Amino acid sequence: MTRWHPRIELARVLEALSEDIIAASDGEVREMHGRALASTSREVKLVIKAARADEGSRAMVGADAELGSLSAGPKRLPPHQQRH
Amino acid sequence: MERSTVTSEVGSAAGRTAADAASAIQALSETDLVRLKALAQLWSRGLPGGIGWADVLNEAIVRVLDGSRVWPFGVPIVAFLSGVMRSICDDYWRRVRHEQRLLVSRDEHGRDGSPVDPIDELADPERMAVAVAGLAEIFRLFAADPVALKIIDGLANGLVASDICRAYGISALDYDTARRRMRRTLLRHQRNWSAP
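Calculation criteria
- Residues numbered from 1 in each chain as written.
- Chains lettered and ligands numbered in written order.
- Predicted model: local features only at pLDDT ≥ 70, side-chain atom pairs only at ≥ 80, totals over all residues.
- Heavy atoms only, no water.
- Helix = DSSP H or I, 4+ residues; strand = E, 2+ residues; numbered from the N terminus.
- Buried < 20%, exposed > 50% of the residue type's maximum accessible area, 1.4 Å probe, protein only.
- Areas by Shrake-Rupley, 256 points an atom, 1.4 Å probe, with all protein chains shown as cover.
- Contact = heavy atoms within 4.5 Å.
- Buried area = accessible area lost by both parts, 1.4 Å probe.
- Salt bridge = Lys/Arg side-chain N within 4 Å of Asp/Glu carboxyl O.
- Polar contact = N/O pair within 3.5 Å; in protein donor to acceptor, adjacent residues only side chain to side chain.
- Nonpolar A, V, L, I, M, F, W, Y, C, P; charged D, E, K, R; others polar.
- Axes fitted to C-alpha atoms, helices over the stretch in contact; angles between N-to-C directions.
- Parallel < 35°, antiparallel > 145°, perpendicular 65-115°, else oblique.
- pLDDT = per-residue confidence, 0-100.

Q: Just checking my understanding: could you explain the overall build of chain B for this structure?
A: On a plain count of helices and strands, chain B comes out with nine helices and zero strands. For chain B, with 196 residues in total, the buried portion stands at 47%.

Q: Help me understand the overall build of chain A in this model?
A: Tallying secondary structure elements over chain A gives three helices and zero strands in all. Listed N to C, the secondary structure of chain A is α-α-α in terms of helices and strands. For chain A, the exposed surface amounts to about 4700 Å²; the carbon and sulfur share of it is 57%.

Q: How should I be thinking about the interface of chain B and chain A in this particular structure?
A: Accessible area lost during the coming together of the parts is what is often quoted as the interface size. The partner chain A presents 58 residues to the 68 residues of chain B that form the contact. At the boundary of chain B with chain A, total buried surface from both sides reaches about 6000 Å², with 65% on carbon and sulfur atoms. Viewed at the interface, chain A and chain B are joined by seven salt bridges. B:Arg35 serves as the salt-bridge partner of A:Asp26, at 2.8 Å between the closest nitrogen and oxygen. Applying the counting criterion to the chain B and chain A interface returns twelve residue pairs in polar contact (both at pLDDT 80 or more). Among the secondary structure elements, those contributing two or more residues to the side of chain B that touches chain A are α1 (18-26), α2 (30-44), α3 (53-65), α4 (77-104), α5 (118-122), α6 (125-141), α7 (146-156) and α9 (172-188) of chain B. With twelve residues, α2(B) is the largest single contributor of residues to the side of chain B that touches chain A. Residue classes in the side of chain B that touches chain A are distributed as 38 nonpolar, 13 polar and 17 charged.

Q: I tried to follow the packing of helix α1 (residues 6-23) of chain A against α2(B) on my own but got confused; where do I start?
A: Between α1(A) and α2(B), the shortest axis-to-axis distance is 10 Å and the interhelical angle comes to 170°. Put simply, α1(A) runs roughly antiparallel to α2(B). Facing α1(A), whose interface residues are A:Leu14, A:Glu15, A:Leu17, A:Ser18, A:Ile21 and A:Ile22, α2(B) presents B:Arg35, B:Ala38, B:Leu39, B:Leu42 and B:Trp43.

Q: Explain the confidence of the model for chain A to me, please; I cannot follow it from the model alone.
A: It should be kept in mind that the predicted coordinates are not to be read in detail where pLDDT is low. Residue and element names in this part refer to chain A. This prediction gives chain A a mean pLDDT of 78; 68% of its residues lie at or above 70. Averaged over each element, pLDDT in chain A is lowest for helix α3 (residues 36-61) (88) and highest for α1 (93). Segment residues 63-68: pLDDT under 50, and ten contacts once partners within four positions in sequence are set aside and those in other chains are kept. Note that residues 77-84 has pLDDT below 50 and, in this model, 18 contacts with residues that lie over four places away or in other chains.

Q: What should I look at first to understand the pattern of salt bridges in this one?
A: Applying the stated criterion to the full structure yields 14 salt bridges over all chains. A:Glu31 is the salt-bridge partner of B:Arg184, the closest N and O atoms lying 2.7 Å from each other. One end of the pair, B:Arg184, is in helix α9; the other, A:Glu31, is in helix α2 (residues 26-33), on a second chain. A relative accessible area of 25% means that B:Arg184 is categorised as partly exposed. A salt bridge links B:Arg181 to B:Asp145; its shortest N-O distance comes to 2.7 Å. Linking B:Arg181 in helix α9 with B:Asp145 in the loop between α6 and α7, this pair joins segments that are 36 residues apart in sequence. Residue classification places B:Arg181 among the partly exposed residues on the basis of a relative accessible area of 34%. According to the relative accessible area criterion, B:Asp145 is buried, its value standing at 13%. The structure contains a network of salt bridges with shared partners spanning A:Asp26, B:Asp32 and B:Arg35.

Q: Hey, could you run me through the environment of B:Gln100 in this one?
A: All names here are of chain B. Tracing the backbone shows Gln-100 in helix α4. Residue classification places Gln-100 among the partly exposed residues on the basis of a relative accessible area of 27%. Separated by eleven residues in sequence, Gln-100 and Cys-89 place their C-alpha atoms 16 Å apart. The contact partners of Gln-100, leaving out residues within four places of it in the chain, are Asp-124 and Glu-126.

Q: Please clarify how the environment of B:Leu141 should be interpreted in this entry.
A: With respect to the element layout, B:Leu141 can be found in helix α6. Residues B:Leu141 and B:Leu65, 76 residues apart in the sequence, show an inter-C-alpha distance of 35 Å.

Put into structure tokens, the structure is as follows:
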């Protein structure tokens, strides 16, 4: 009997769905997001800004310090900005 | 985590400089930023330890900016960042699994730093449970669309478009139309996607 590997199946589906998201036209993204588009893009800009600051501080301390890595747990945004 | 020796000022034969990537990230359009969030939510779904989409996206950008991930020529920046996020999430799962193994069996063979057995990794109960829940959620998301469900089943089984059409009796036109519907459904339901 073949063993079921849900993780592999999920990985394949997620890969395909990620390609769908990338392939979505600007029109589709705008249409599906409507008024939320501006607030979502602002939210992502904040993440990018935080990442730039993190990268700068890691460079100051040294890459080996691995400050702010994922293993340190979530801390990128204050809880009220971590929208799902 | 391993980092390459490529600095932010120097590119390589395989890719652009970190400065190029920084400029491209800075110049992302509103719609690309929305795509990035959707991708971050997709990859970070179900990660343990309270890690969210913003953490994964942040880490991906840091690694691109510090040069540890080199942006290859010919790859769009959003697709590249998506790949980096996927890899970060895979690494994170692997690390969680490794730490669990160390905690559970300190005195057993695994403590010598030998690589994790891939079959064992596949059988990781927590990750398997998250995967089952993820698959169920995807099937639920497209429950009203029988063609989409067939496509997802085919994708899960590793089939390419032509094989899916042949195996499930779908025309190429119906396949393309269904993929477009899937894209729209995904974007519409993006907000529901990050919680396991």
